[in-house]
Amino acid sequence: MICLRGMTWRHDRGLAPMLATARQFCQEHPGVSIEWEARSLSEFGEAPVEDLAARYNLVVLDHPWMGALAQSGAFLALDAVLPSRQLAELATDSAGPSHASYMIDGHLWALSIDAAAQVAGYRADLLEREGASFPKTWEEVFALAAIRRGFVSLPLFPLDAFLAFCSICANAGEAPLASGSMVASRATGEYALDSLRRLRDGATEKAPGENPIAVWERMSSTDETAYCPLAFGYSNYARSGYRPHRISFGLIPSAGRGPVGATLGGAGLAVSTLGAHRDVAVEYAAYVANRDCQRTLYVESGGQPGRLSAWTDEAANHLSHGYFRATLPVIEHAWLRPRHARFAQFQIVGAEIVARFLAGSANARETLNELDRSWRTHRRG
């Protein structure tokens, strides 16, 4: 018996499609067993890749880890083991830059099985109750927030607050971290921090402890928040019957350039070099990333596919009340984070710095200076 172990993140979007695809693959491959485990969303963004490679044959992880993953030597370069025709198809059938996000140093280190970006979510019934409409600009968002505290809220768990800061910079027309010495120009950085502070002031008191899942869970089970302008999208909450209240999703607000600059999220499937049966692990990974699997079994079991053809598929959009079609423009114009070997660590430090700003422990100028120093340190290694 060939036994493979996999690790993903703990949510129906992360775990359910892996369980479903493993069952189907094992039915078609007698003698193969695949067991999937799940970790929390915070662990998903912080666990050292070498530790995961030593314990699991298959690992679902996000693209900021690609530099560290490539440097570790603990994972396969998948372009060396997959046919060129299949690689070309993956590149052309990608939801936005999802496929490209797993490439670094000229190699493909994971298959884009899941695509996401920060999107806007709203309860249409609560907006209608207040006679309000879905906001298209940031000024309309702040006007909506004036209805009452918590009516507009977003995840401000430190990492999410830091990524919101980055997205607001990119949305304003300046991609952050493009310079080797500054996270952003002073004008753009101060604008983004001020916007983030205004959002915090109107958000629910729970916001500093909430990640995107927590926000969508609260919005789908209570009437406290009607609109969230910026959080990684989960199509599960757009599906009928998933939670007591269905959430609708759409474009992020614009600072005058359209719904651009949302931080790209998503997840890729990587294969460890440290485990046995690598050929079977690669075959399974390719099966999960296959176009037919992505637009049928994967999305039907709760997944959020990485394939463009799945995002435009009529059945997938019917299942999700148009989630994929409505938010695809955000992914197509998303901001791709740096992926060098130390970037994942910089994110953690940057999150702490922005959290101190939101807590009132530092002003905007001090915060940007500290972010710049940390960025230069991590860039140098």
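Residues numbered from 1 in each chain as written. Predicted model: local features only at pLDDT ≥ 70, side-chain atom pairs only at ≥ 80, totals over all residues. Heavy atoms only, no water.

**Side note on the sheet that holds strand β9 (residues 248–250)**
Within a beta sheet, neighbouring strands are joined by backbone hydrogen bonds and run either parallel or antiparallel to one another.
Logical step 1: Pairing in this open sheet of three strands is antiparallel, and the strands run β8-β7-β9 from one edge to the other. Across the chains shown, the open sheet's two edge strands, defined by having one partner strand only, are β8 (227–232) and β9. For this sheet the average axis-to-axis angle between neighbouring strands, irrespective of direction, equals 35°.
Logical step 2: Relative to β8, strand β7 (residues 118–122) is paired through four bridges, and the arrangement is antiparallel. Residue pairing for β8: Val-119 is matched across the bridge by Ala-231.
Logical step 3: Packed onto the sheet, helix α10 (residues 212–221) meets β7, β8 and β9 and runs at close to 145° relative to β8. (Pairing = 2+ DSSP bridges. Helix = DSSP H or I, 4+ residues; strand = E, 2+ residues; numbered from the N terminus. Axes fitted to C-alpha atoms, helices over the stretch in contact; angles between N-to-C directions. Contact = heavy atoms within 4.5 Å.)

**Let's talk about the side chain of Ser-94**
Logical step 1: By the secondary structure assignment, Ser-94 is in the loop between α5 (84–92) and β4 (103–104).
Logical step 2: What makes Ser-94 buried here is its relative accessible area of 11%.
Logical step 3: Within the structure, Ser-94 has its side chain in polar contact with the backbone nitrogen of Ser-98 (distance 3.4 Å).
Logical step 4: Polar contacts involving the side chain of Ser-94 include one to the main-chain amide nitrogen of His-99, which spans 3.0 Å.
Logical step 5: Every residue in contact with Ser-94, bar those within four places of it in the chain, is listed here: His-99, Gly-306 and Leu-308. (Buried < 20%, exposed > 50% of the residue type's maximum accessible area, 1.4 Å probe, protein only. Polar contact = N/O pair within 3.5 Å; in protein donor to acceptor, adjacent residues only side chain to side chain.)

**Concerning the pairing of strand β10 (residues 267–271)**
Logical step 1: The buried fraction of β10 amounts to five of the five residues, a majority that puts the element mostly inside the structure.
Logical step 2: Where burial is concerned, the two faces of β10 agree: the one with Ala-267, Leu-269 and Val-271 and the one with Gly-268 and Ala-270 are both buried.
Logical step 3: Sheet analysis places strand β3 (residues 58–61) next to β10, joined by four bridges and oriented antiparallel. From the neighbouring strand, Val-60 faces β10, where its bridge partner is Leu-269.
Logical step 4: Examined bridge by bridge, strand β6 (residues 111–114) and β10 share three bridges and lie antiparallel to one another. From the neighbouring strand, Leu-111 faces β10, where its bridge partner is Leu-269.

Nothing here speaks to function; it is geometry throughout.
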